[in-house]
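Coordinate inspection notes
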Amino acid sequence: MNCARHLIALLEAHGVDTAFGIPGVHTIELYRALGDSGLSHVTPRHEQGAGFMADGYARASGRPAACFIISGPGMTNIATAMGQALADSVPMLVISSVNQRATLGRGQGRLHEMPHQGETLSGVSVFSHTLHDPAALPEVLARAFAVFASARPGPVHLEIPLDVMIAPAPEAVPTPAAVFPPAPAPEALARAGEWLAGAERPLVLLGGGTAAAPETARALVERLDAPAFTTINAKGVLGLDHPLDLGATQSLPAGRRLAAEADVVLAIGTELGETDYDLVFDEGFRLDGRLIRIDIDPQQLGRNQAADLALLAEAGQAMRGLLDVLPDAADRDGAARADAVREALALAADPELAPYVPLFAALREALPEAIVVGDSTGPVYAGNFLAAIPAPRRWFNAATGFGTLGYGLPAALGAAVATPDQPVVALVGDGGLQFVLGELGTARDLGRPVALVIWNNDGYDEIRRYMSMSEVPHLGVDLAAPDFRALAEAYGGRHLGVTDPASLHDALGRLCEAESPLIIEVDAAAWTASL
């Protein structure tokens, strides 16, 4: 038993079943151990893809995956994906090699050498640890999985020096402890219950922290008879077409008015950050009523909006506790208040959103149970307002938090690995897709039915529009897209061209027949002209 084998055994003990990574000379020992294990391995075409796949895997399943990454360039490549996961509280275990202990920090020009690899990655991880003793490995992994289970999750980085990787390790694999998240204080629950019971115009803000307890969230919102906004990462928590669900429209004028008029606001598992509450970037979202905040991260309780009452707790436990102290449901005209906001928003008639309404109608009709994974692109920005999602963990994208490009395709592949029986759609733009075209090879390798819907508008159209509004010449945003039909054939996939909603519906319906990537290219100009 050496350290590499001990690591694999510990990962299995912690319930990890999948690793994403690209083998290198510095990780050979990890792969020797991996070959004898029960873990599945997926090889992306770039380490950034490995990180995005692990991100999509975790968002779709609620479980962390591992990434096996070489030292040096492998780590700088995956850093962007770690930054996205950190911004959106996504668990991910990144395990890398690093040069031998005796050479660290000496600047000898060794292969893949970085002056301070762990410090470089500490800025995009919850913590980064260099393992100096194989006997300490169970403790370090216990710390990582304690974060995943009982704190605000995010990437954890563990680097193992080459000489430690092959060093003797204990034969015994300890049974991981059962880790429970923090529970709310009874006194705080009682006070929150009093405030909410006495509210005339309550409002609930549901964040991604509620995704693991959708039934409880729904029961709480209904008990309060309160309109609810869901952040982008919480879409689907209240189910499909719930009368109290206003989706992620809290940045829009009618949503802001409702928020400002609420006398008691209950914010659960949300950072109340800019990319969910201030998408117009004018600092105009405000809460004038009393604010009750519930979060698993104590620091988060004091950020962005000052709370009048703050509860440190896991969202599900806190919501169940509130249901225990709240009286029976009272009629507060919640549905009428929500309807008034919807009527004022008139999203389907908004000229910025209207072209995308039939796109999401086609998705809903053709693939009602699909997981839709998005990149930073126009249809995804619109879908954050428009898309109706039946359950949590079925809509996520890179248009929040870190806001990277190139996320959609590899994250969708990770979701497909995590949920092999679920249809998965990657919704991307032609510009962002060109960051990760190589991952079409990974899609071919997996053989899972994934639809890649490309909104082709010949470049970075969102930036073009911002340039036009700011009277900046269109420089660097008009791109020549590749021949996506030829690419589909090169990677063993099928290409379907789409120019209108009916042809998109038909194309999506063919996903069930697919045994390789289904590439659906939407000509954005023709689509708009057809409406």
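This text follows the structure it describes.
Here goes a summary of the coordinates provided. Note that the structure is a prediction, hence the values are computed from the model and not measured.

**Brief notes about the overall build of the chain**
Of regular secondary structure, the chain possesses 22 helices and 17 strands. By the compact-globule yardstick of 24 Å for 531 residues, the chain fits well, its C-alpha radius of gyration being 24 Å. Seen through its C-alpha atoms, the chain measures out along the principal axes to roughly 65 × 60 × 45 Å. Relative to its full complement of 531 residues, the chain shows a buried share of 57%. Across the chain, contacts joining residues at least 24 apart in sequence account for 75% of those joining residues at least 6 apart. Entry remark: accessible area of the chain is about 20,500 Å², with carbon and sulfur atoms responsible for 52%. Averaging the locations of the 35 positively and 63 negatively charged side chains of the chain gives two centres separated by 3 Å.

**Brief notes about the environment of Pro327**
Mapped onto the elements, Pro327 comes out in the loop between helix 12 (315-325) and helix 13 (334-345). Sequence-wise, Pro327 and Gly193 are 134 residues apart; in three dimensions their C-alpha atoms are separated by 8.5 Å. Aside from chain neighbours lying at most four places away, what touches Pro327 is Ala197 and Arg223.

**So, the packing of helix 10 (residues 253-261) against helix 13**
Closest axis-to-axis distance for the helix 10/helix 13 pair is 8 Å, and the angle between their directions is 150°. With respect to each other, helix 10 and helix 13 are oriented roughly antiparallel. Contact residues: Ala254, Gly255, Arg257 and Leu258 in helix 10; Arg337, Val341, Ala344 and Leu345 in helix 13. Looking at the contact of helix 10 with helix 13 residue by residue, the classes come out as five nonpolar, one polar and two charged.

**Some thoughts on the sheet that holds strand 9 (residues 264-268)**
Strands sit in the order 8-7-9-10-11 across an open sheet of five strands; the sheet is parallel. The sheet terminates laterally at strand 8 (228-230) and strand 11 (309-312), the two strands that pair on one side only. This sheet shows a mean twist of 15° between the axes of neighbouring strands, independent of strand direction. Pairing of strand 7 (residues 202-206) with strand 9 involves five bridges; the strand directions are parallel. Opposite Val204, over in strand 9, you have Leu266 as the bridge partner. Where helix 8 (residues 186-197) meets the sheet, its contacts fall on strand 9, strand 10 (290-295) and strand 11, and the angle it forms with strand 11 comes to roughly 135°.

**With respect to the sheet that holds strand 2 (residues 40-42)**
Strand order in the open sheet formed by six strands is 2-1-3-4-6-5, and the pairing between neighbours is parallel. Both edges of this open sheet fall to strand 2 and strand 5 (127-130), since each of them pairs with a single strand only. Shown here is a sheet whose adjacent strand axes are inclined to one another by a mean of 20°, direction ignored. Helix-sheet contacts for helix 6 (residues 137-150) involve strand 4 (92-98), strand 5 and strand 6 (155-161), and the interaxial angle to strand 5 is about 170°.

**A short note on the packing of aromatic side chains**
In the structure shown here, the tally under the stated rule is eight aromatic pairs. Their ring planes at 70° and their centres at 6.2 Å tell us that Phe20 and Tyr57 sit as a pair that is edge-to-face. Taken as a pair, Phe20 in strand 1 (residues 18-21) and Tyr57 in helix 3 (residues 47-61) lie far apart in primary sequence, 37 residues in all. Tyr57 carries the same exposure label as Phe20, and that label is buried. Judged by centre distance (5.3 Å) and plane angle (75°), the rings of Phe52 and Tyr407 are edge-to-face. One end of the pair, Phe52, is in helix 3; the other, Tyr407, is in the loop between strand 13 (395-397) and helix 16 (408-418), with 355 residues separating them in the sequence. For the pair Phe52 and Tyr407, one class covers both residues: buried.

**Considerations on helix 21 (residues 501-508)**
Turning to helix 21, its buried residues are Leu504, Ala507 and Leu508. Projected down its long axis, helix 21 carries its buried residues within an arc of 95°, all on one side. For helix 21, the exposed residues lying more than 90 degrees away from the buried face are Ala502 and Asp506. On its buried face, helix 21 is in contact with helix 14 (357-366), strand 15 (450-456), strand 16 (494-498), strand 17 (518-523) and helix 22 (524-530). The backbone nitrogen of Ala502 has a side-chain oxygen 3.1 Å away, supplied by the residue at the start of helix 21, namely Asp500.

**Some details on the environment of Gly432**
By secondary structure assignment, the location of Gly432 is in helix 17 (residues 430-433). Since its relative accessible area comes to 5%, Gly432 is described here as buried. Sequence-wise, Gly432 and Gly406 are 26 residues apart; in three dimensions their C-alpha atoms are separated by 5.0 Å. When neighbours within four sequence positions are excluded, Gly432 is seen to be in contact with Asp375, Leu405, Gly406 and Tyr460.

**Topic: empty space enclosed by the protein**
As enumerated under the stated definition, the model contains three cavities of 30 Å³ or more in all. Size it by volume and the largest cavity reaches roughly 120 Å³. Looking at the largest cavity, the residues that line it are Phe360, Leu363, Arg364, Leu367, Pro368, Ala370, Val372, Ala387, Ala388, Ile389, Pro390 and Trp395. Looking at side-chain class alone, the lining of the largest cavity contains eleven nonpolar, no polar and one charged residues. Its boundaries defined by the atoms lining it, the second largest cavity holds a volume of some 50 Å³. Considering the residues around the second largest cavity, the lining is formed by Ser71, Val98, Asn99, Thr103, Leu104, Gly105, His112, Glu113, Met114 and Gln117.

**Re the pairing of strand 7**
Extensive coverage of strand 7 is indicated by the burial of five of its five residues. In this region the chain leaves strand 7, passes through helix 9 (residues 214-224) and returns to the parallel neighbour strand 8; the handedness of that crossover is right-handed.

**With respect to the packing of helix 8 against helix 12**
Here helix 8 crosses helix 12 at 60°, and the two axes come no closer than 9 Å. Viewed along their axes, helix 8 and helix 12 adopt a mutual orientation that is oblique. Read as a crossing pair, helix 8 and helix 12 show a hand that is right-handed. Contacts from Leu189, Ala192, Gly193 and Leu196 in helix 8 reach Ala318, Gly321, Leu322 and Val325 in helix 12. Its residues assigned to classes, the contact of helix 8 with helix 12 shows six nonpolar, two polar and no charged.

**Considerations on the nonpolar core**
Counting residues in hydrophobic clusters, the biggest one holds 56 residues, and the most contacted among them are Leu205 and Ile520. With five residues, the single largest contributor to this core is helix 14. Other than its neighbours up to four places away in sequence, Ile520 contacts Ala451, Leu452, Val453, Ile454, Leu496, Val498, Leu504, Ala507 and Leu508. Ile69, Leu413, Leu437 and Phe484 belong to the second largest nonpolar core, which has 52 residues in total.

Reading the values: the criteria
Residues numbered from 1 in each chain as written. Predicted model: local features only at pLDDT ≥ 70, side-chain atom pairs only at ≥ 80, totals over all residues. Heavy atoms only, no water. Helix = DSSP H or I, 4+ residues; strand = E, 2+ residues; numbered from the N terminus. Rg over C-alpha atoms; globule rule 2.2 N^0.38 Å. Buried < 20%, exposed > 50% of the residue type's maximum accessible area, 1.4 Å probe, protein only. Contact = heavy atoms within 4.5 Å. Areas by Shrake-Rupley, 256 points an atom, 1.4 Å probe, with all protein chains shown as cover. Lys, Arg positive; Asp, Glu negative; His and termini not counted. Charge placed at Lys NZ, Arg CZ, Asp CG, Glu CD. Axes fitted to C-alpha atoms, helices over the stretch in contact; angles between N-to-C directions. Parallel < 35°, antiparallel > 145°, perpendicular 65-115°, else oblique. Nonpolar A, V, L, I, M, F, W, Y, C, P; charged D, E, K, R; others polar. Pairing = 2+ DSSP bridges. Phe/Tyr/Trp six-rings, centres within 6.5 Å; stacked < 30°, edge-to-face > 60°. Arc of directions from axis to C-beta. Polar contact = N/O pair within 3.5 Å; in protein donor to acceptor, adjacent residues only side chain to side chain. 1 Å grid on protein atoms, 1.4 Å probe; cavity = no way out; pocket = protein on both sides within 12 Å on 5 of 7 lines; lining within 4 Å. Points joined across faces, edges and corners; volume = space filled by probe spheres on them. Right-handed = clockwise from strand over helix to strand, strands pointing away. Left-handed = near helix turned anticlockwise from the far one by under 90°. Core = buried A, V, L, I, M, F, W, Y, C linked by side-chain atoms within 4.5 Å.

Shape descriptors only; they carry no functional weight alone.
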